[in-house]
Amino acid sequence: AGAFRTEGMFISLQEPSLYTVKAILILDNDGDRLFAKYYDDTYPSVKEQKAFEKNIFNKTHRTDSEIALLEGLTVVYKSSIDLYFYVIGSSYENELMLMAVLNCLFDSLSQMLRKNVEKRALLENMEGLFLAVDEIVDGGVILESDPQQVVHRVALRGEDVPLTEQTVSQVLQSAKEQIKWSLLR
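So, how was this worked out
- Residues numbered from 1 in each chain as written.
- Predicted model: local features only at pLDDT ≥ 70, side-chain atom pairs only at ≥ 80, totals over all residues.
- Heavy atoms only, no water.
- UniProt positions renumbered as here; feature names shortened; annotations may be inferred.
- Buried < 20%, exposed > 50% of the residue type's maximum accessible area, 1.4 Å probe, protein only.
- Helix = DSSP H or I, 4+ residues; strand = E, 2+ residues; numbered from the N terminus.
- Pairing = 2+ DSSP bridges.
- Axes fitted to C-alpha atoms, helices over the stretch in contact; angles between N-to-C directions.
- Contact = heavy atoms within 4.5 Å.

The chain goes by Coatomer subunit zeta in an unreviewed UniProt entry, where it is assigned to Neovison vison. Here is the UniProt Subunit (unreviewed entry) comment for the chain, exactly as written: "Oligomeric complex that consists of at least the alpha, beta, beta', gamma, delta, epsilon and zeta subunits." The heading Sequence similarities (unreviewed entry) in the UniProt record of the chain holds the text "Belongs to the adaptor complexes small subunit family."

A few words on the pairing of strand S6 (residues 73-80). Burial within S6 is extensive, with six of its eight residues counted as buried. For strand S5 (residues 67-70) and S6, the ladder comprises four bridges, and the chain directions are antiparallel. Pairing of leucine 70 across the sheet is with leucine 73, part of S6. A loop of two residues connects S5 with S6, the two strands running antiparallel in sequence, and glutamate 71 in this loop sits at a positive phi of about 50°. The pairing of S6 with strand S7 (residues 83-90) spans eight bridges and is classified as antiparallel. Residue pairing in the sheet places threonine 74 in a bridge with glycine 89 of S7. Here S6 hands over to S7 after two residues, with isoleucine 81 in that stretch at a positive phi of 50°.

Across the sheet, five strands lie side by side as S4-S3-S7-S6-S5; this open sheet has antiparallel pairing. Edge positions in the open sheet fall to strand S4 (33-38) and S5, since each of these has one partner strand only. Here the strands of the sheet are splayed against their neighbours by 20° on average, with no regard to which way each runs. Of the strands in this sheet, strand S3 (23-28) and S4 touch helix H4 (residues 126-136), which is tilted by about 25° from S4.

Take unusual backbone geometry next. The phi dihedral of isoleucine 81 is positive, around 50°, even though this residue is not glycine. With respect to the element layout, isoleucine 81 can be found in the loop between S6 and S7. Look at isoleucine 81 and you get exposed, because its relative accessible area is 69%.

Looking at the secondary structure, you find threonine 20 in the loop between strand S2 (9-12) and S3. Accessibility expressed as a relative area gives 7% for threonine 20, which makes it buried. Setting aside anything within four residues of it in sequence, one finds threonine 20 in contact with Ile88, Gly89, Ser90, Glu93, Leu98, Gly140 and Ile142.

Given below as C-alpha coordinates:
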(Lines give C-alpha, C1' and ligand atoms only; values in the text may rest on other atoms or scores of the structure.)
Protein backbone atom coordinates (compact mmCIF):
# COMPACT_ATOMS: atom_id res chain seq x y z
CA ALA A 1 0.00 0.00 0.00
CA GLY A 2 1.25 3.46 -0.84
CA ALA A 3 1.22 6.47 1.43
CA PHE A 4 1.91 10.17 0.96
CA ARG A 5 1.74 13.45 2.82
CA THR A 6 -0.34 16.46 1.79
CA GLU A 7 -0.31 19.68 3.81
CA GLY A 8 0.17 18.05 7.21
CA MET A 9 -2.26 15.18 6.59
CA PHE A 10 -1.03 11.62 6.27
CA ILE A 11 -3.08 9.61 3.79
CA SER A 12 -2.74 5.87 3.41
CA LEU A 13 -3.96 4.26 0.21
CA GLN A 14 -5.34 0.73 0.42
CA GLU A 15 -4.44 -1.73 -2.28
CA PRO A 16 -7.57 -2.70 -4.21
CA SER A 17 -8.79 -6.17 -3.33
CA LEU A 18 -11.45 -8.58 -4.52
CA TYR A 19 -11.92 -9.72 -0.89
CA THR A 20 -14.68 -7.27 -0.05
CA VAL A 21 -16.95 -9.25 2.30
CA LYS A 22 -15.71 -10.18 5.77
CA ALA A 23 -18.93 -11.84 6.96
CA ILE A 24 -22.59 -12.49 6.23
CA LEU A 25 -24.91 -12.87 9.22
CA ILE A 26 -28.58 -13.56 9.77
CA LEU A 27 -29.84 -13.07 13.32
CA ASP A 28 -33.31 -13.56 14.77
CA ASN A 29 -35.22 -10.85 16.63
CA ASP A 30 -33.48 -11.82 19.90
CA GLY A 31 -30.05 -11.34 18.32
CA ASP A 32 -29.33 -15.07 18.18
CA ARG A 33 -27.44 -16.53 15.24
CA LEU A 34 -29.41 -18.34 12.56
CA PHE A 35 -26.66 -18.15 9.96
CA ALA A 36 -23.11 -16.84 10.05
CA LYS A 37 -20.30 -17.14 7.56
CA TYR A 38 -17.01 -15.39 8.32
CA TYR A 39 -14.52 -15.07 5.46
CA ASP A 40 -11.44 -14.02 7.41
CA ASP A 41 -10.00 -14.30 10.91
CA THR A 42 -11.11 -10.91 12.26
CA TYR A 43 -13.08 -12.91 14.84
CA PRO A 44 -11.28 -16.27 14.98
CA SER A 45 -13.22 -17.96 17.80
CA VAL A 46 -16.93 -18.68 18.08
CA LYS A 47 -16.95 -16.80 21.39
CA GLU A 48 -15.59 -13.65 19.70
CA GLN A 49 -18.04 -14.05 16.81
CA LYS A 50 -21.02 -14.36 19.16
CA ALA A 51 -19.87 -11.30 21.15
CA PHE A 52 -19.55 -9.31 17.90
CA GLU A 53 -23.00 -10.50 16.78
CA LYS A 54 -24.58 -9.40 20.09
CA ASN A 55 -22.85 -6.02 19.81
CA ILE A 56 -23.94 -5.51 16.20
CA PHE A 57 -27.52 -6.52 17.02
CA ASN A 58 -27.71 -4.20 20.05
CA LYS A 59 -26.44 -1.27 17.95
CA THR A 60 -28.68 -1.85 14.94
CA HIS A 61 -31.97 -3.54 15.82
CA ARG A 62 -33.76 -0.35 16.89
CA THR A 63 -32.61 1.90 14.07
CA ASP A 64 -34.05 2.54 10.63
CA SER A 65 -30.73 3.27 8.95
CA GLU A 66 -29.04 0.76 6.65
CA ILE A 67 -25.37 1.27 7.45
CA ALA A 68 -23.17 1.44 10.54
CA LEU A 69 -19.49 1.66 11.35
CA LEU A 70 -18.76 -0.70 14.21
CA GLU A 71 -15.50 -2.04 15.65
CA GLY A 72 -13.65 -0.66 12.63
CA LEU A 73 -15.94 -2.44 10.17
CA THR A 74 -18.58 -1.27 7.70
CA VAL A 75 -21.90 -2.99 8.37
CA VAL A 76 -24.88 -2.83 6.02
CA TYR A 77 -28.11 -4.36 7.24
CA LYS A 78 -31.79 -4.90 6.64
CA SER A 79 -34.59 -6.42 8.69
CA SER A 80 -37.64 -8.43 7.68
CA ILE A 81 -40.35 -9.52 10.12
CA ASP A 82 -38.23 -11.43 12.68
CA LEU A 83 -34.89 -11.57 10.81
CA TYR A 84 -31.89 -9.25 10.63
CA PHE A 85 -29.55 -9.56 7.64
CA TYR A 86 -25.98 -8.21 7.86
CA VAL A 87 -23.14 -7.94 5.36
CA ILE A 88 -19.83 -6.83 6.88
CA GLY A 89 -16.77 -5.40 5.18
CA SER A 90 -13.68 -3.46 6.25
CA SER A 91 -13.95 0.21 7.19
CA TYR A 92 -12.64 1.34 3.77
CA GLU A 93 -14.98 -0.94 1.80
CA ASN A 94 -17.48 0.54 -0.65
CA GLU A 95 -20.89 0.53 1.04
CA LEU A 96 -22.66 0.22 -2.31
CA MET A 97 -20.84 -3.05 -3.05
CA LEU A 98 -21.78 -4.43 0.35
CA MET A 99 -25.37 -3.26 -0.13
CA ALA A 100 -25.49 -5.01 -3.52
CA VAL A 101 -24.57 -8.28 -1.75
CA LEU A 102 -27.18 -7.67 0.96
CA ASN A 103 -29.92 -6.89 -1.55
CA CYS A 104 -29.01 -9.88 -3.71
CA LEU A 105 -29.15 -12.21 -0.69
CA PHE A 106 -32.44 -10.77 0.54
CA ASP A 107 -34.09 -10.74 -2.90
CA SER A 108 -32.88 -14.29 -3.66
CA LEU A 109 -34.29 -15.58 -0.37
CA SER A 110 -37.50 -13.63 -0.96
CA GLN A 111 -37.97 -15.44 -4.29
CA MET A 112 -36.96 -18.83 -2.89
CA LEU A 113 -39.28 -18.45 0.12
CA ARG A 114 -42.11 -17.03 -2.01
CA LYS A 115 -41.89 -13.59 -0.37
CA ASN A 116 -42.24 -15.19 3.10
CA VAL A 117 -38.88 -14.04 4.52
CA GLU A 118 -39.28 -14.96 8.17
CA LYS A 119 -37.55 -17.23 10.69
CA ARG A 120 -39.67 -20.38 10.35
CA ALA A 121 -39.60 -20.38 6.54
CA LEU A 122 -35.84 -19.74 6.56
CA LEU A 123 -35.16 -22.57 9.02
CA GLU A 124 -37.14 -24.93 6.79
CA ASN A 125 -34.99 -23.93 3.79
CA MET A 126 -31.48 -23.66 5.26
CA GLU A 127 -30.01 -25.70 2.39
CA GLY A 128 -31.27 -23.08 -0.07
CA LEU A 129 -29.75 -20.34 2.10
CA PHE A 130 -26.34 -22.05 2.15
CA LEU A 131 -26.42 -22.56 -1.61
CA ALA A 132 -27.50 -18.95 -2.23
CA VAL A 133 -24.73 -17.52 -0.05
CA ASP A 134 -22.18 -19.74 -1.81
CA GLU A 135 -23.42 -18.46 -5.19
CA ILE A 136 -23.20 -14.80 -4.09
CA VAL A 137 -19.88 -14.76 -2.19
CA ASP A 138 -16.96 -17.18 -2.22
CA GLY A 139 -14.14 -16.68 0.25
CA GLY A 140 -15.05 -13.01 0.62
CA VAL A 141 -15.09 -12.38 -3.14
CA ILE A 142 -18.39 -11.21 -4.63
CA LEU A 143 -19.38 -13.58 -7.44
CA GLU A 144 -22.96 -12.57 -8.23
CA SER A 145 -25.32 -9.68 -7.49
CA ASP A 146 -28.29 -10.68 -9.65
CA PRO A 147 -30.92 -12.51 -7.56
CA GLN A 148 -32.44 -14.12 -10.69
CA GLN A 149 -29.13 -15.81 -11.48
CA VAL A 150 -28.67 -16.92 -7.87
CA VAL A 151 -32.17 -18.46 -7.67
CA HIS A 152 -31.61 -20.19 -11.03
CA ARG A 153 -28.26 -21.66 -9.95
CA VAL A 154 -29.62 -22.76 -6.57
CA ALA A 155 -32.47 -24.55 -8.34
CA LEU A 156 -29.99 -26.32 -10.63
CA ARG A 157 -27.75 -27.36 -7.73
CA GLY A 158 -30.78 -28.53 -5.74
CA GLU A 159 -31.58 -31.04 -8.50
CA ASP A 160 -28.17 -32.70 -8.18
CA VAL A 161 -28.72 -34.89 -5.12
CA PRO A 162 -25.32 -36.04 -3.85
CA LEU A 163 -24.76 -39.75 -3.22
CA THR A 164 -24.58 -39.14 0.54
CA GLU A 165 -28.16 -37.83 0.59
CA GLN A 166 -29.67 -40.69 -1.42
CA THR A 167 -31.53 -43.33 0.51
CA VAL A 168 -30.14 -46.85 0.67
CA SER A 169 -33.03 -48.11 -1.44
CA GLN A 170 -32.27 -45.50 -4.12
CA VAL A 171 -28.61 -46.60 -4.21
CA LEU A 172 -29.61 -50.29 -4.39
CA GLN A 173 -32.15 -49.58 -7.14
CA SER A 174 -29.53 -47.67 -9.12
CA ALA A 175 -27.04 -50.52 -8.68
CA LYS A 176 -29.65 -53.09 -9.81
CA GLU A 177 -30.36 -51.01 -12.93
CA GLN A 178 -26.66 -50.77 -13.78
CA ILE A 179 -26.14 -54.52 -13.29
CA LYS A 180 -29.22 -55.33 -15.37
CA TRP A 181 -28.01 -53.14 -18.24
CA SER A 182 -24.49 -54.55 -18.09
CA LEU A 183 -25.88 -58.13 -18.28
CA LEU A 184 -28.13 -57.29 -21.23
CA ARG A 185 -25.23 -56.05 -23.38
